[in-house]
Amino acid sequence: MWLILEHRRVQRRVGSLPRIVQARYQKWKDIVETSGPAGLRRVKGYHDEALRGVWKGHRSSRLGAQHRLIYRIVANRIQVEVVDLRTHDYRVR
């Protein structure tokens, strides 16, 4: 089992997202909890990928046409930290 930690910013934003994106986020969490990030790579719809530049060390998963989930894997623990949930704009805010 993987542990998912959500930043408080993510917890606030989830409520304002469209229902379909909320459902995909919940499914994303279910997949990560049971299979870890490797399970996401088997599901093509999430387009899970490593990020570059300022976000180096983080990964992105697609939750919809516009919405992306940014997370990172903590190597020494079985843990995933969800850093942000935003529209497709990877500039640091």
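Structure's up top.
The notes below deal with the structure included here. Along each chain, residues carry numbers from 1 onward, in the same order as the chain's sequence is written. Local features in a predicted model are, by the rule used here, given only for residues with pLDDT of at least 70; side-chain atom pairs are given and counted only at 80 or more, and totals for whole chains, interfaces and linings are based on all residues. Excluding hydrogens and water, the side-chain figures rest on all heavy atoms present in the structure.

Re the nonpolar core
Where a protein is soluble and globular, its nonpolar side chains tend to be buried together.
So, step 1. By size, the foremost hydrophobic cluster in this structure holds 17 residues, and its most contacted members are Tyr-25, Trp-28, Leu-40, Leu-63, Leu-69, Val-82 and Leu-85.
So, step 2. Each helix corresponds to a stretch of at least 4 residues labelled H or I by DSSP, and each strand to a stretch of at least 2 residues labelled E; elements are numbered beginning at the N terminus. Of all the secondary structure elements, the ones that give two or more residues to this core are helix 1 (8-14), helix 2 (19-35), strand 4 (67-74) and strand 5 (79-87).
So, step 3. For this core, the leading source of residues is helix 2, giving 5 residues.
So, step 4. Contacts: residue pairs with any heavy atoms within 4.5 Å of one another. Among all residues touching Leu-69, those that are not within four sequence positions of it are Tyr-25, Trp-28, Arg-59, Ser-60, Ser-61, Leu-63, Val-82, Asp-84 and Leu-85. Only buried residues count toward a nonpolar core. Its members are Ala, Val, Leu, Ile, Met, Phe, Trp, Tyr and Cys residues joined through side-chain atoms within 4.5 Å. Here the term buried applies to any residue with accessible area under 20% of the maximum for its type, exposed to any over 50%, and partly exposed to those in between, with areas from a 1.4 Å probe on protein chains only.

So, helix 2
So, step 1. An expected span of 1.5 Å times one less than the residue number is assigned to each helix. Between its first and last C-alpha, helix 2 extends 24 Å over 17 residues, near the 24 Å set by a 1.5 Å rise per residue.
So, step 2. Residues Val-21, Tyr-25, Trp-28, Lys-29, Ile-31 and Val-32 constitute the buried set of helix 2. One side of helix 2 holds all its buried residues, which, seen down the axis, span an arc of 165°. When the buried face of helix 2 is taken as reference, the exposed residues oriented beyond 90 degrees from it are Arg-19, Ile-20 and Thr-34.
So, step 3. Packing partners of the buried residues in helix 2 comprise strand 1 (3-6), helix 1, helix 3 (37-42), strand 3 (59-62), strand 4 and strand 5.
So, step 4. In the stretch just after helix 2, Gly-36 is the one whose phi turns positive, near 75°. Read the arc as the range of directions from the helix axis to the C-beta atoms.

Examining the sheet that holds strand 4
Pairing between the strands of a sheet comes from backbone hydrogen bonds, and it takes one of two forms, parallel or antiparallel.
So, step 1. The strand order across the open sheet formed by 5 strands is 1-5-4-3-2, and the pairing between neighbours is mixed. Two strands bound the open sheet, and with one partner strand each, they are strand 1 and strand 2 (49-50).
So, step 2. Where strand 4 lies against strand 5, 8 bridges are found, and the strand directions are antiparallel. Looking across to strand 5, one finds that Ile-73 is bridged to Val-80.
So, step 3. Lines are fitted to the C-alpha atoms to define the axes, a helix being fitted only along its stretch in contact, and any angle between axes, read from their N-to-C directions, falls within 0 to 180 degrees. Helix-sheet contacts for helix 2 involve strand 1, strand 3, strand 4 and strand 5, and the interaxial angle to strand 1 is about 140°. The rule for pairing is simple: two strands pair if DSSP sees at least two bridges between them.

A closer look at the pairing of strand 4
So, step 1. Of all 8 residues that make up strand 4, 6 are buried, and the element is covered over most of its length.
So, step 2. Pairing of strand 3 with strand 4, which is carried by 4 bridges, proceeds in the antiparallel orientation. Counted as the bridge partner of Arg-59 is Tyr-71 from strand 4.
So, step 3. Connecting strand 3 to the antiparallel partner strand 4 that follows it, the hairpin turn spans 4 residues.

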